[in-house]
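Below are the chains, spelled out letter by letter.
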Amino acid sequence: MRENISSIIESFPDFETKIKWLYENDSSFQDVCTDYLLCTSKLAEFRKGDNKFDKMIFEYEELQNDLEQEMLHMIKSSKPLPER
Amino acid sequence: MLSTDLSTADQTLVYPKKEIRKQLDQILSHEMFSHSPVLSNFLKFIVEETLEGHTDELKEYTIAVNALGKSADFNPQIDAIVRIHAGRLRRLLNEYYQGPGRDNSVKIEVLKGTYIPVFRSHTVEKAKVSLNGSSRTPSKSFSRTKLTIAILPFRYLCPDNKYQFFVDGFGEELTQSFSKFQSISVIAHHSSRKYSSIDADVHRIGSELGAHYLINGSVMRTGKEVRINVGLVETMNSTQLWSKSYNYALKVDNLLKIQSEIVDHVCSVLGGYYGLIIQDGMHSAFKNTFADIESFDAVLWNYYFHMNFTREAYLKTREALEKAIVDDPDNACCLSMLSELYLDAYVLGFPTVDDPINTGYQLVQRAIKINPRCQHAYQELAWVQIYRKEKEEAIVAMETCLSLNPFSVSSIGAIGFGFACVGEYKRALPLLSKSLDLNPHCPWWFHLGFFLIYFHYQQYDQALESALKIDAPDEIFLKPLTRAIAKTELGMIKNAQPEVTALINDFPEIVSHLRLHLGFFIIDDQILDRLMAAACKAGLPIHKNPMISEELI
């Protein structure tokens, strides 16, 4: 899973360090990442399929957006990283 | 008469339904949820289905179709929408309870890996502001309505991965075994498993999982030996309450046996009505809220009463249980306890309901109808049958009770006592001995069981030893009576006179109808005859029963 969060980092490149830290230390953040990755992988599947998935594509795009907002909220509201 | 595990397999019924619905309305009316109709529908559906007892139907498909408006051809293999929304709902609920819902008394949670919500008591200390104006992080505490434990993944302290399966198995096995105790809620292991990789402190884990207690452990291998350490930690104060090391010779073919032995032992010591977890929970709750019956849980009152049998505890317990039944008439656990309480009062001479045997019988039948796997209800059914002098039915109920959770040390002991009262001494002795071996914190009436057994076998030294261990309050006549009888049978009639005098002075009514009082719960006529004869010999003013032979007296 760790390697897969690269796609999340790509979505929020300004927060790379924070994302990595939260992923290691915050179980709720881990969960939202898992949901996000499931959502994006399903979306990719549907996009490859025929137009019977159009409705689901729309629904999953909205969901992806919601999950991104949720991640962003968690990233921004989390405490500053401990200093090294 | 006597109590063991609390008894509802259906933990949702720990709270009155109306309280849960009120909490649901409160959540749904908050803007965090009102802005999200999908999550609101999801939550409403799973809570309502659970309250109606339809938890078997809480599957991805039914949720998708009934709560999320999906069509009948919904395929969970293709569409992961329910799983994803479940995660969102879980996090939104957590956020709600950390913020606007922090003062709500009931917490509705959706744990990972299940769509069945759990309902917990929830109180959160408000952030304490210090003199310099800074605030401390709020910490959660959970009142003791139902004690909750989580089994953390055991740590593997060996250099290789050869025995990882053995280590992982402890979490699964302990979770499964503890879930058989109806007195304790157990967090699903897939929820606690994540803490194997995240280094969090005990307080935080307890707070996140809503667990009052954590069981943790480690496995080490040294040469040809394996050492397994297991501990119990209280999460609010991060206090280590218990720990034990188990050492075994390491052989690949005995790993499952080792695991099974350790799991059995840990469950026996910590689980059940007289296990360390309930004991500690009771003491904690008692310390905080002794005088406040509203906040002190009826179930723990019941436990407290059955540890000492005082009139004061009886009255408090009865008040709390009767209130609990009014609030939640389908609570099998409380119905069984109330049945038990009415019958106990009948035996002990405390004020009770009219016709306690029939009232108790009706309550316990209702409890079994509501929850056919309610261990406590079967235990009470056994006692009702004893009071009704129905020995065979009592034995069947006792056997069913034991089969429902063979790990429950308290049930083993209570049923052992029951067997002694119906005259099945051979079956009684090993059960009582096993219970006492595994958990020495037994109530005083376990020793009454031993007394009856040894008295039956005419082993009066041991009968006296058991009688001396009956640490009942002074208002219980059985303490002086068993001592007087055992001393008399040992030829120490003079020595028995303080107890005889106490009986005559303090329990004149019981003494004059002694056979009747003993016969409430001892249905072996032979031992009753012998007890009465010994009491007579001791000098108690008992009317001679023509059925007792002169030889005995």
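Scroll up a little and you will see the structure.
All values derive from a computational prediction rather than experimental measurement.

Thresholds, definitions, all that
- Residues numbered from 1 in each chain as written.
- Chains lettered and ligands numbered in written order.
- Predicted model: local features only at pLDDT ≥ 70, side-chain atom pairs only at ≥ 80, totals over all residues.
- Heavy atoms only, no water.
- Helix = DSSP H or I, 4+ residues; strand = E, 2+ residues; numbered from the N terminus.
- Contact = heavy atoms within 4.5 Å.
- Areas by Shrake-Rupley, 256 points an atom, 1.4 Å probe, with all protein chains shown as cover.
- Buried area = accessible area lost by both parts, 1.4 Å probe.
- Salt bridge = Lys/Arg side-chain N within 4 Å of Asp/Glu carboxyl O.
- Nonpolar A, V, L, I, M, F, W, Y, C, P; charged D, E, K, R; others polar.
- Buried < 20%, exposed > 50% of the residue type's maximum accessible area, 1.4 Å probe, protein only.
- Phe/Tyr/Trp six-rings, centres within 6.5 Å; stacked < 30°, edge-to-face > 60°.
- Lys NZ or Arg CZ within 6 Å of the ring centre and 35° of its normal.
- Core = buried A, V, L, I, M, F, W, Y, C linked by side-chain atoms within 4.5 Å.
- Axes fitted to C-alpha atoms, helices over the stretch in contact; angles between N-to-C directions.
- Parallel < 35°, antiparallel > 145°, perpendicular 65-115°, else oblique.
- Left-handed = near helix turned anticlockwise from the far one by under 90°.
- Disulfide = S-S within 2.5 Å.
- Expected span 1.5 Å × (residues − 1).

Assigned secondary structure in chain B consists of 25 helices and ten strands. By sequence separation, contacts in chain B at least 24 residues apart represent 62% of the contacts at least 6 residues apart. Taken as a whole, chain B presents about 22,900 Å² of accessible surface, with 51% of it coming from carbon and sulfur.

Okay, the overall build of chain A next. A count of helices and strands for chain A gives four helices and zero strands. The helix and strand sequence of chain A, counted from the amino end, reads α-α-α-α. Sequence-distant contacts in chain A: of pairs separated by 6 or more residues, those separated by 24 or more amount to 61%. Surface summary for chain A: the accessible area is close to 5,200 Å², and the carbon and sulfur share equals 48%.

Across the boundary between the two partners, chain B contributes 20 residues, which contact 21 residues of chain A. Here chain B packs against chain A, burying approximately 1,600 Å² in sum over the two surfaces, 51% of which is carbon and sulfur. Between chain B and chain A we count four salt bridges in total. Of the charged contacts in the structure, one is a salt bridge between Glu 59 of chain A and Lys 70 of chain B, with a shortest N-O distance of 2.6 Å. When residues in the side of chain B that touches chain A are grouped by element, the largest group, nine residues, is from helix H5 (residues 81-98) of chain B. Of the residues belonging to the side of chain B that touches chain A, the class tally is six nonpolar, three polar and eleven charged.

What follows covers the side chain of Gln 23 of chain B. All names here are of chain B. Of note, Gln 23 is situated in helix H1 (residues 17-29). Residue Gln 23 is classed as buried on the basis of its relative accessible area, which comes to 4%. Residues contacting Gln 23, with those up to four places away along its chain left out, are Tyr 96, Tyr 97, Asn 104, Val 106 and Ile 108.

Moving on, we come to the packing of aromatic side chains. All names here are of chain B. Tallying each qualifying case throughout the model produces 22 aromatic pairs over all chains. On the basis of an interplanar angle of 40° and a centroid distance of 4.3 Å, the ring pair of Tyr 346 and Phe 520 is categorised as tilted. On the criterion of sequence distance, the pair formed by Tyr 346 in helix H13 (residues 332-348) and Phe 520 in the loop between helix H24 (514-519) and helix H25 (525-538) is long-range, its members being 174 residues apart. Through pairs of rings, three or more aromatic residues link up here, namely Tyr 346, Trp 383, Tyr 387, Phe 417, Trp 445, Phe 446 and Phe 520. Above the face of the Tyr 246 ring, Lys 244 is positioned so that its terminal group lies 5.4 Å from the ring centre.

A word on the nonpolar core. Counting residues in each nonpolar core, the largest one holds 105 residues, and the members touching the most others are Phe 451, Leu 514, Leu 518 and Phe 521 of chain B. Each residue touching Leu 518 of chain B, except ones within four places of it in the same chain, is listed here: Phe 477, Leu 478, Leu 481, Leu 528, Leu 531 and Met 532 of chain B.

Evaluation of the coordinates by the stated rule reveals 22 salt bridges over all chains. In this structure, Glu 322 of chain B and Arg 318 of chain B form a salt bridge, with 2.9 Å as the shortest nitrogen-oxygen distance. Of this pair, Glu 322 of chain B and Arg 318 of chain B both sit in helix H12 (residues 311-327), four residues apart, roughly one helical turn. Between Arg 515 of chain B and Asp 529 of chain B there is a salt bridge whose closest N-O contact spans 2.7 Å. A residue pair is termed long-range when its members are at least 10 positions apart, and Arg 515 of chain B in helix H24 and Asp 529 of chain B in helix H25 qualify at 14 residues. On the accessibility criterion, Arg 515 of chain B (22% relative accessible area) is partly exposed. Overlapping salt bridges, with partners in common, bring together Asp 35 and Glu 70 of chain A together with Arg 91 of chain B in one network.

A few words on the packing of helix H14 (residues 356-370) of chain B against helix H15 (residues 375-387) of chain B. Residues and elements named next belong to chain B. Viewed as axis vectors pointing N to C, H14 and H15 meet at an angle of 150°, and their least axial separation amounts to 9 Å. In terms of orientation, H14 lies roughly antiparallel with respect to H15. As for the relative orientation of H14 and H15, their crossing is left-handed in sense. Here Ile 357, Gly 360, Tyr 361, Val 364, Ala 367 and Ile 368 of H14 lie close against H15, whose contacting residues are Ala 377, Tyr 378, Glu 380, Leu 381, Val 384, Gln 385 and Tyr 387. A per-class count over the contact of H14 with H15 returns ten nonpolar, two polar and one charged.

This paragraph deals with the environment of Ser 36 of chain B. Residue and element names in this part refer to chain B. With respect to the secondary-structure elements, Ser 36 resides in the loop between helix H2 (31-34) and helix H3 (37-51). You can call Ser 36 buried: its relative accessible area is 13%. In this structure the C-alpha to C-alpha distance between Ser 36 and Leu 89, which are 53 residues apart in sequence, comes to 9.9 Å.

Where helix H4 (residues 54-77) of chain A contacts H5 of chain B, the two axes come as close as 12 Å, and the packing angle between them is 30°. Our classification of the angle between H4 of chain A and H5 of chain B gives roughly parallel. For the pair H4 of chain A and H5 of chain B, the sense of crossing is left-handed. Residues Glu 59, Tyr 60, Leu 63, Asp 66, Leu 67, Glu 70 and His 73 of chain A of H4 of chain A touch H5 of chain B, and the partners they reach there are Ile 81, Ile 84, His 85, Arg 88, Arg 91 and Glu 95 of chain B. Grouping the constituent residues of the contact of H4 of chain A with H5 of chain B by class yields five nonpolar, two polar and six charged.

We now examine the side chain of Glu 70 of chain A. Its place among the elements puts Glu 70 of chain A in helix H4. Residue class for Glu 70 of chain A comes out buried when judged on its relative accessible area of 18%. Those residues within four positions of Glu 70 of chain A in sequence are excluded, and the remaining contacts are Val 32 of chain A together with Arg 88 and Arg 91 of chain B.

To continue, consider the state of the cysteines. Under the counting rule described, the total for this entry stands at zero disulfides over all chains. Left without a disulfide partner, Cys 401 of chain B is nearest to the cysteine sulfur of Cys 374 of chain B, which lies 9.2 Å away.

What follows deals with helix H19 (residues 445-456) of chain B. Residues and elements named next belong to chain B. The end-to-end C-alpha distance of H19, which contains twelve residues, comes to 17 Å, matching closely the 16 Å that a straight helix rising 1.5 Å per residue would cover. For H19, the tally of buried residues reaches eleven of twelve residues, placing the bulk of the element in the interior. For H19, the full list of buried residues reads Trp 445, Phe 446, His 447, Leu 448, Gly 449, Phe 450, Phe 451, Leu 452, Ile 453, Tyr 454 and Phe 455. Gln 458 sits one or two residues past H19 and shows a positive phi near 60°.

The analysis is restricted to geometry; functional conclusions fall outside its scope.
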